[in-house]
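What follows is each chain in one-letter form.
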Amino acid sequence: MSFRTTPSADYVEDVSPGRGALPPRAWYASSDAKSLSLNGSWRFRLSATADAEDDSFAAPGYDAESWAEVAVPGHWVLQGDGAFGSPIYTNHLYPFPVDPPHVPTENPTGDHLRVFDLPADWPADGGAVIRFDGVESCARVWLNGTDIGEFKGSRLPHEFAVGQLLKPTGNVLAVRVHQWSAGSYLEDQDQWWLPGIFRDVTLLHRPAGSAGDFFVHASYDHSTGEGTLRVDSDVDGRVSVPALDIDVATGEPVTVAVEPWSAESPKLYDGELVTAGERVPLRIGFRTVVLEDGLIKVNGKAVLFKGVNRHEWHPEKGRALDLETMREDVLLMKRHNLNAVRTSHYPPHPAFLDLCDEYGLWVIDECDLETHGFTEQAWRDNPVDDDRWTPALLDRAARMVERDKNHPSIVFWSLGNEAGTGRGLTAMAEWIHGRDASRLVHYEGDWDCRDTDVYSRMYASHEEVERIGQSLDGGTHKRRGLPFIQCEYGHAMGNGPGGIADYQQIFERYERLQGGFIWEWIDHGIKHPELGYAYGGDFGEELHDGNFVCDGLIFPDRTPSPGLVEYKKVIEPVRIEADGADGTVRVTNAYDFGDLSHLEYEFFYSVDGFPTGAHTLAVPQLAPGESAEVKLPTAAPDGQGEEVLWTVRALLAADTPWGPKGHEVAWGQGTVAARTPVSVTASQRPARGEHLITLGPGTFDARSGRPTSICGVDVTGLRLDVWRATTDNDEGASWQDDTRYGVLWRKLGLHRMQHRLDAVELGDDALTVRTRVAPAAAEVGLRTEYRWTSDGTLLKLTVSVTPEGDWTLPLPRLGIRFGIAADSAREVLYFGGSGEAYPDTRAASRLGQWMPDIEHMQTPYVRPQENGAAADVRWAELGGLRIEGVPEFWFSARPWTNEQLDAARHLTDLTPGDTLWINLDHGQHGIGSQSCGPGPLPQYFLKAEPAEFSFVFSNHE
Ligand code: IPT
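Residues numbered from 1 in each chain as written. Predicted model: local features only at pLDDT ≥ 70, side-chain atom pairs only at ≥ 80, totals over all residues. Heavy atoms only, no water.

The protein carries the name Beta-galactosidase in an unreviewed UniProt entry, which gives Streptomyces cyaneochromogenes as its organism. The UniProt entry for the protein carries this comment under Sequence similarities (unreviewed entry): "Belongs to the glycosyl hydrolase 2 family." We quote the UniProt Catalytic activity (unreviewed entry) comment for the protein here in full: "Hydrolysis of terminal non-reducing beta-D-galactose residues in beta-D-galactosides." (UniProt positions renumbered as here; feature names shortened; annotations may be inferred.)

In structure tokens form, the structure reads like this:
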């Protein structure tokens, strides 16, 4: 055995996929062949360049005692407390000069070493392979001193035959991993760059006569109710499915009556493939995916995707996910009514696909391919249009398809993401179509749909999606015949996404529209000792895209954000709506396949938001698409002037694999009787003292007319407020320039409004304070009048706002704000909408009495921004005050000011002060999705228009 002293690292910049790996094949866990996990603690040495060290470390006997250790699976930059470098976040920019296939000389290289013994019962005969399930981005491997090959394709498996090299004890597995390689040019996904052996490493015994690759073909004929099974196997054997009495030879088709697989009822049959040397468990789902009549049909029915884009993410482990985390994702998705997932933008850990099969999710399995950075040079030199790279692209396509082809959940193969167009993509599509005719091909980047079976877009506006639904979008002849999906929409960055209910209505209106996938599932925040969760720039990256990496429906710790709660409501599979005024409810089955037999219904009336006793409601069985009118069986209570509502909840009638009995799937609400708002007879006359004016239970500063105490509660700083800490969606994406209101608001100065006092007038029955609220350097302003009246017990404030000048912008918010002592108000009781809501994110806001504590009225967006407003609030009680709105208002309360919230970069920048700041808003501007898509629809704009609104204060103690 000889070792080079000057190792060559030429392979790092080689466009070829690698050397030495076995052909790709199906991924499975054998019933009887032995395997040995090589996960665990490995010896680790980091070098600054690809060839800083020679390869003598791979030789048996090398002493690595002095090396550090890392956990495998893992990313070295997330271990060692910074000693092993740091993560880098860029959206689409390559963090190195674009000169394919060259990479920087500074190329962090991690040498990994692991010594292992074979278990005592490891068979002496047969072969063995070592499987790497994921290594970023390029690895070279030695076993017992023998160079066994090198590979690229970070999120794809690579196997090497090693049987002849194994010894009973003291095997030395050496893996050199380079952060940058030619492969990096193909892996420009919007995510952290995280080198390392981040998925499992396994040694698999391969007995003589063991199964190699096999393809389970399990189709379903909806016209006969029969399924046809044929398992093609490289190694002949028999296939059995006891529940179906199937026992056939491999390659032989058999047709029997079956229950089909769908995301709604994921029926899997346990089977077995038995070859001379091995037994392989099969989980078979019968379903047929076709493109027919311009629609994606599964088992004869068009499906509506209610999906999400999922990156693999864990706030401490990065993309090294354990099974429980994967299961948590799937369960959260199922419990929030999602039925589909796009594995953006690479094949996930295979266990995730097992879970999708088991719990039921339609999957778009996407290849590990993105070359987005080439957009900066008008796609010149794009590897997907350069024949030299085609073998690498085909290798990636094959590794995905071969690994994952036996998952019934996968309905689409996706070529990759944001890679422009080119011959390489066409070659991939042709190969995939030839290899697996039983699924469809997706790729968003080619709007002509040359290679694809679906017209797919991202972030198209409501208007455009509607036009596509009506087939008025033109395009190539081929595209006009294809169904449409939005593979990304509803950019969930920070507060939002807004407008998804409006999208859903459009999806449901037109047959051609088969739904969409929200961008994205989880915020990729990295747990950080000082910052809470870190995002781009927090590790001193020279190029980065800030918090664009935190744009998920769940927070980094997997707590659902309000966006997920909203999405759950928007896509609920049962619609419960008011139908007429007489307490009749319309229930609609919005499933694609199933009936409603798994649900039971509860209903109750509430008076002033407080529920009266719950009853059960009988709802007839409904086929998909069917609806029924159901009369509420009990008479509504007399509200005696208070508001009376009905609420119906659809609950799981029994435990399911993904949710317990009683889990709420859907709900609806309707009004029986409106409230009579409180009225105040203005009977008190304001009285002026030396420093104070008094009016009923209010005292005011005599100079400024500002209240100092309301109904016995000290208040501070009451004034008109139009500013909100801009949301990511307010600020918009850098490439949108004309309608980024967050930027335009700040330019106009709405965050630094000046309040000019014009008059404090004491009338017979009112105190009137006249002001003009305007930013410096601008002629626009808001004439604002505060009119206070009282009947001796209640104190009423009526605010009238009249815009002056040429307002071309909407307002962020319009209302008042004031402060009270923070220690007097730890919690709030209010009657209004549950949870956080804004004009276009309010579908899930449910009317009732709620009692959140102040902490829970703050939504912890990783980058702090406007959050936590409750919609439709009739009244709220806190700190000894009761506030009733005429009309209803938006309510928020926080232990810091909006200005402090605006200035904060991380949650740890915010510390509660002595004052609790309360905003009572008449209006809020919509949220939209402009951090990467369209802004709010016009109907959700808060226009600068004359407005008048009132609040009635009383003491509630
Ligand atoms: C789109 C990307 O496909 C996705 O990976 C992510 O970056 C998303 O945007 C934004 O978070 S590309 C978009 C710039 C059109």
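Having seen it, we continue.
Participant: Explain the overall build of the protein here, please?
Facilitator: In terms of helices and strands, the protein carries 11 helices and 59 strands. Taking 957 residues into account, the globule formula puts the C-alpha radius of gyration at 30 Å, and the protein, at 31 Å, falls close to it. Taken along its principal axes, the extent of the C-alpha atoms in the protein is 105 × 65 × 55 Å. When burial is assessed residue by residue, the protein has 61% of its 957 residues classed as buried. By sequence separation, contacts in the protein at least 24 residues apart represent 74% of the contacts at least 6 residues apart. Summed over its atoms, the accessible surface of the protein is roughly 34,400 Å², and 49% of this surface lies on carbon and sulfur atoms. Counting 85 positive and 143 negative side-chain charges, the protein places the averaged centre of each group 2 Å from the other. (Helix = DSSP H or I, 4+ residues; strand = E, 2+ residues; numbered from the N terminus. Rg over C-alpha atoms; globule rule 2.2 N^0.38 Å. Buried < 20%, exposed > 50% of the residue type's maximum accessible area, 1.4 Å probe, protein only. Contact = heavy atoms within 4.5 Å. Areas by Shrake-Rupley, 256 points an atom, 1.4 Å probe, with all protein chains shown as cover. Lys, Arg positive; Asp, Glu negative; His and termini not counted. Charge placed at Lys NZ, Arg CZ, Asp CG, Glu CD.)

Participant: What's the story with the pattern of salt bridges in this structure? I'm lost.
Facilitator: Once the charged atoms of two side chains with opposite charge are near each other, the side chains can pair. Here the structure, examined in full by the defined rule, presents 77 salt bridges. Of the charged contacts in the structure, one is a salt bridge between Arg43 and Glu69, with a shortest N-O distance of 3.6 Å. Highlighted residues: Arg43 in strand β3 (residues 40-49) and Glu69 in strand β4 (residues 68-72), separated in sequence by 26 residues. Its salt-bridge partner being Arg882, residue Glu884 comes within 3.8 Å of it at the nearest N-O pair. Of the residues examined, Glu884 reaches a relative accessible area of 12% and is grouped as buried. Connected via shared salt-bridge partners are Glu136, Arg155, Glu187, Arg319, Asp368 and Arg396. (Salt bridge = Lys/Arg side-chain N within 4 Å of Asp/Glu carboxyl O.)

Participant: What exactly am I supposed to notice about the domain arrangement of the protein here?
Facilitator: You'll often see interface size given as the accessible area lost when the parts meet. Under the domain assignment, the protein is made up of domain 1 (10-206), domain 2 (214-287), domain 3 (290-569), domain 4 (572-673) and domain 5 (687-955). Here the C-alpha centre of domain 5 lies 62 Å away from the C-alpha centre of domain 2. (Domains from an automatic or database assignment.)

Participant: What is the right way to read the pairing of strand β37 (residues 584-589) from this model?
Facilitator: Here is the key point about a regular strand: its side chains alternate between the two faces of the sheet. Counting buried positions over the 6 residues of β37 gives 5, a clear majority of the element. Judged from the 5 bridges that link them, strand β36 (residues 574-578) and β37 form a sheet pairing that is antiparallel. Bridging across to β37, Val574 finds its partner in Asn589. (Pairing = 2+ DSSP bridges.)

Participant: Could you clarify how one ought to interpret the nonpolar core in this entry?
Facilitator: Within soluble globular proteins, side chains that are nonpolar tend to cluster in buried spots. Core analysis: the largest hydrophobic core is formed by 150 residues, its most contacted members being Leu173 and Leu203. At 6 residues, helix α2 (residues 350-359) tops the list of elements feeding residues into this core. The contact partners of Leu203, leaving out residues within four places of it in the chain, are Lys34, Ser35, Leu36, Leu38, Phe116, Leu118, Trp122, Ala128, Val129, Ile130, Val162 and Leu166. Val760, Ala876, Leu878 and Phe953 belong to the second-largest nonpolar core, a separate cluster that totals 59 residues. (Core = buried A, V, L, I, M, F, W, Y, C linked by side-chain atoms within 4.5 Å.)

Participant: Would you take a moment to explain helix α4 (residues 423-435) for this structure?
Facilitator: Structurally, the α-helix is built with 3.6 residues per turn, so residues lying three or four positions apart point the same way. Between its first and last C-alpha, α4 extends 18 Å over 13 residues, near the 18 Å set by a 1.5 Å rise per residue. Gly424, Leu425, Thr426, Met428, Ala429 and Ile432 are the residues of α4 that are buried. (Expected span 1.5 Å × (residues − 1).)

Participant: So what exactly am I meant to see when it comes to the environment of Ala725 here?
Facilitator: Residue position: Ala725 is located in the loop between β48 (716-721) and α9 (728-731). Under the relative-accessibility criterion, Ala725 is labelled buried at 0%. Placed 427 residues apart in sequence, Ala725 and Val298 show a C-alpha to C-alpha distance of 46 Å. Aside from chain neighbours lying at most four places away, what touches Ala725 is Gln865, Glu866, Asn898, Leu901 and Asp902.

Participant: How do you make sense of unusual backbone geometry when you look at a structure like this?
Facilitator: In terms of backbone geometry, most residues other than glycine have negative phi values and most peptide bonds are trans. Residue Trp519 is joined to Glu520 through a cis peptide bond whose omega torsion reads -5°. Cis peptide bonds are those with omega within 30 degrees of zero, and the linkage from Val886 to Pro887 qualifies with 0°. Although it is not a glycine, Cys449 sits at a positive phi angle of roughly 60°. Within the secondary structure layout, Cys449 lies in the loop between β30 (440-442) and β31 (455-458). Even without a glycine there, the phi angle at Gln640 is positive, about 45°. With respect to the helices, strands and loops of the structure, Gln640 is situated in the loop between β40 (627-631) and β41 (644-652). The exposure class assigned to Gln640 is exposed, which follows from its relative accessible area of 69%.

Participant: Please explain the sheet that holds strand β42 (residues 664-673) as it appears in this structure.
Facilitator: Pairing between the strands of a sheet comes from backbone hydrogen bonds, and it takes one of two forms, parallel or antiparallel. Judged by pairing direction, the sheet is antiparallel, and its 4 strands sit side by side in the order β39-β38-β41-β42 without closing on themselves. Of all the strands in the sheet, just β39 (610-617) and β42 have a single pairing partner and so form its edges. When the angles between neighbouring strand axes are averaged without regard to direction, this sheet yields 20°. With 6 bridges connecting them, strand β38 (residues 599-607) and β39 associate as antiparallel partners. Note that in β39 the partner of Tyr601 across the bridge is Leu617. (Axes fitted to C-alpha atoms, helices over the stretch in contact; angles between N-to-C directions.)

Participant: Looking at this model, I keep getting lost on the packing of helix α3 (residues 390-404) against α4. Mind explaining?
Facilitator: Packed helix pairs are specified by the crossing angle of their axes together with the interaxial distance, meaning the distance between the axes. Between α3 and α4, the least distance of the axes is 9 Å, while the angle of their chain directions is 30°. Where α3 crosses over α4, the two elements pack in a sense that is right-handed. Counted together, Thr390, Leu393, Leu394, Ala397, Ala398, Met400, Val401 and Glu402 of α3 and Gly424, Leu425, Ala427, Met428, Trp431, Ile432 and Arg435 of α4 form the full contact between these two elements. Its residues placed into classes, the contact of α3 with α4 shows 11 nonpolar, 2 polar and 2 charged. (Left-handed = near helix turned anticlockwise from the far one by under 90°. Nonpolar A, V, L, I, M, F, W, Y, C, P; charged D, E, K, R; others polar.)

Participant: Is there a simple way to explain the confidence of the model for the protein in this structure?
Facilitator: The predicted structure's coordinates, where accompanied by low pLDDT, should not be read in detail. On average, residues of the protein carry a pLDDT of 97, and 99% of them reach 70 or more. Averaged pLDDT values for the elements of the protein fall to 94 in β40 and rise to 99 in strand β28 (residues 362-366). Between residues 1-6, whose pLDDT stays under 50, and residues either more than four places distant or in other chains, the model counts 9 contacts. (pLDDT = per-residue confidence, 0-100.)

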